[in-house]
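Fold and contact review
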Amino acid sequence: MTARAHHFVPKCYLGNFVTAEKITVVDLQRARHFVTNPKNVAQERDFNRIDSDTLAPDALEQAYGEFESDLAPILRIAAHSPAELTEDQLAHILNLIALLAIRNPRTRGNFSEFQNELRQGMLDLASSSEERWQVQMKKMREAGYLDGIKEVPYSVIRKSIIERNFKFVTSTTEHAKLEINTFKTLLEMIFDRSWRFLRAANGSHGFITSDHPVILFFENRPKMARAPIGFGLRGTVVLFPISPGIALEGRFDGPTGAITLDPFDVGDFNARVLNSAHRQIYAANDKFMFFDGRDFHGIQQLIQRLKDRPVARRAD
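This report concerns the structure included in the present document. Sequence order sets the numbering: in each chain, residues are counted from 1 along the sequence as written. For a predicted model such as this one, the threshold for reporting local features is a pLDDT of at least 70, and the threshold for listing and counting side-chain atom pairs is 80 or more; totals across whole chains, interfaces and linings nevertheless cover every residue. With hydrogens and water set aside, each side-chain value is computed from the structure's full complement of heavy atoms.

1. Thoughts on the overall build of the protein
So the rule is basically this: In this description a helix means any DSSP run of H or I spanning at least four residues, a strand means any run of E spanning at least two, and both kinds are numbered starting from the N terminus. Exposure is judged per residue with a 1.4 Å probe applied to protein chains only, and the accessible area is read against the type maximum: over 50% gives exposed, under 20% gives buried, and values in between give partly exposed. Accessible surface area values rest on a Shrake-Rupley calculation with a 1.4 Å probe, where residue burial reflects the displayed protein chains alone. Think of it this way: Lys and Arg go in the positive column, Asp and Glu in the negative one, and His and the chain ends go nowhere. A charged residue contributes its charge at one atom only: NZ of Lys, CZ of Arg, CG of Asp or CD of Glu.
The secondary structure content of the protein amounts to nine helices and 13 strands. Referenced to the eigenvectors of the C-alpha coordinate spread, the extents of the protein come out at roughly 70 × 45 × 40 Å. The proportion of buried residues among the 316 residues of the protein is 45%. As presented, the protein carries roughly 17,400 Å² of accessible surface, and 52% of it is formed by carbon and sulfur atoms. For the protein, the distance from the average site of its 41 positive side-chain charges to the average site of its 39 negative ones is 5 Å.

2. Quick word on the environment of R309
Within the secondary structure, R309 sits in the segment after α9 (299–308). What makes R309 exposed here is its relative accessible area of 57%. Separated by 285 residues in sequence, R309 and T24 place their C-alpha atoms 22 Å apart.

3. With respect to the nonpolar core
Condition: To qualify as a nonpolar core, a set must consist of buried Ala, Val, Leu, Ile, Met, Phe, Trp, Tyr and Cys residues joined through side-chain atoms within 4.5 Å.
One finds I93, I97 and F240 to be the most contacted residues of the largest nonpolar core, which totals 38 residues. If you list the elements that add at least two residues to this core, you get α1 (11–14), β2 (23–27), α2 (59–80), α3 (87–102), α7 (172–191), β5 (194–200), β8 (236–241) and β9 (246–251). Considering every element that reaches this core, the biggest residue donor is α3, with eight residues. Core analysis: the next-biggest nonpolar cluster, separate from the first, contains 27 residues, F269, V273, I281 and F288 among them.

4. Focus on the packing of α2 against α3
Cut-off, in case you're wondering: The angle between two axes is taken between their N-to-C directions and runs from 0 to 180 degrees, where each axis is a line fitted to C-alpha atoms and a helix contributes only its stretch in contact. Here roughly perpendicular refers to angles of 65 to 115 degrees, roughly parallel to angles under 35, roughly antiparallel to angles over 145, and oblique to all remaining angles. The sense of a crossing depends on the near helix, which, turned anticlockwise from the far helix by less than a right angle, makes the crossing left-handed and, turned clockwise, makes it right-handed. Note on contacts: a residue pair is in contact if any heavy atoms of the two residues lie within 4.5 Å. Residue type decides the class: Asp, Glu, Lys and Arg count as charged, Ala, Val, Leu, Ile, Met, Phe, Trp, Tyr, Cys and Pro as nonpolar, and the leftover types, Gly among them, as polar.
Viewed as axis vectors pointing N to C, α2 and α3 meet at an angle of 120°, and their least axial separation amounts to 9 Å. Put simply, α2 runs oblique to α3. Seen from above, α2 lies across α3 with left-handed handedness. Between α2 and α3, the contacting residues are Y64, F67, D70, L71, I74, L75, I77 and A78 on the first element and Q89, H92, I93, N95, L96 and L99 on the second. Of the residues contributing to the contact of α2 with α3, the split by class is 10 nonpolar, three polar and one charged.

5. Quick word on the packing of aromatic side chains
What describes a pair of aromatic rings is the distance from one ring centre to the other and the angle between the planes of the rings. Filter applied, for reference: Think of it this way: a Phe, Tyr or Trp ring, Trp meaning its six-membered ring, pairs with another when their centres are within 6.5 Å, and the plane angle makes it stacked under 30 degrees, edge-to-face over 60, tilted otherwise.
One pass over the full model with this rule turns up eight aromatic pairs. Taken together, a centroid distance of 5.2 Å and an interplanar angle of 20° make the contact between Y13 and F240 stacked. Within this pair, whereas Y13 is found in helix α1, its partner F240 is found in strand β8, the two being separated by 227 residues in sequence. Judged by its relative accessible area of 0%, F240 is buried. Their ring planes at 90° and their centres at 5.4 Å tell us that F264 and F291 sit as a pair that is edge-to-face. Taken together, the residues F264 in helix α8 (residues 263–276) and F291 in strand β12 (residues 290–291) connect sequence positions 27 residues apart. In this structure F264 comes out as partly exposed when scored by relative accessible area, which is 46%. For F291, a relative accessible area of 15% translates into the label buried.

6. Remarks on the sheet that holds β8
Applied cut-off: Following DSSP output, two strands are said to pair if at least two bridges run between them.
Reading across the sheet, the five strands line up as β7-β8-β9-β5-β10 and stay open at both edges, with mixed pairing between neighbours. The open sheet has two edge strands, β7 (215–218) and β10 (257–261), and neither has a second partner. Neighbour-to-neighbour, the strand axes of the sheet open up by a mean angle of 25°, direction not taken into account. With four bridges joining them, β8 and β9 adopt antiparallel strand pairing. What sits directly across from V238, in β9, is G250. Packed onto the sheet, α3 meets β5, β8 and β9 and runs at close to 105° relative to β8.

7. Points about the sheet that holds strand β3 (residues 32–36)
A sheet is described by the order of its strands in space; here four strands give the open sequence β3-β2-β11-β6, paired in antiparallel fashion. Each having just a single partner strand, β3 and β6 (209–210) make up the two edges of the open sheet. In this fold α9 packs onto β2, β3 and β11 (280–283), with an angle of close to 25° to the strand it touches most, β2.

8. Describing the side chain of N16
In this structure, N16 sits in the loop between α1 and β2. Classification of N16 by relative accessible area gives buried; the value is 14%. Filtering out sequence-adjacent residues up to four positions away, N16 remains in contact with L75, R76, A79, I242, S243 and P244.

Okay, structure coming up:
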């Protein structure tokens, strides 16, 4: 059978955040929380589907599955005994970080919007005059692209373009191609960083994660307003939760080894996870806390805050 339910956050990773095989989920759009099997979250139908003359539609999904099979035992070691990880095993986790940073619904949504705007602009230019449009149509007919397609009057086409009565949709194949082509460059930036393990102190209730678990931020924000951020920029920090007790921190020329974060630092970490999340956050239970700079807040306060001030997050 062809696999159709594709996880953009691997089940083997989410499995580090379960209690009695269940994961606690906070839905940021619907302002509610529930407990479920991790197989039911962070997945979309045909997310990794490819259209190919030589490969099965789920060939890429199967390839990711093989990588995740190798990754699963490594994540379990990292969750309990990170000091025992070999360099090769840590490299597997860094590959996961790079993959999760580029292969997710939010990044795809942004790229889809960009592609739609670009193609709409090209179409607007091509139809700016009837003469220009007819030249384009002639070329397409000669190339055979319009065989069997009824000709539509220019006035109808132009009106539809101006009113934007249609939208260009980026296929999963296009997304996958972009992600694969970007992966190597991003992975080099990830490997160039120094990584250290963060331990959650006892009594902190531990780290949480999300459907967008790779967190990138400026340690010292540039003076330039709304300065762009990227994984190759100095002065940026990457955070990645591995389990409720363990996380990774990556900086350029930063410290290595391991440190223990007190409840305030764990709460600040969780606040960054919350701010980076797309639609959902995940935790081992409902006891987690986040710190807003003044106070600690738990799941009930978070739900109430979401009800009072709904978060504008992409629904696609």
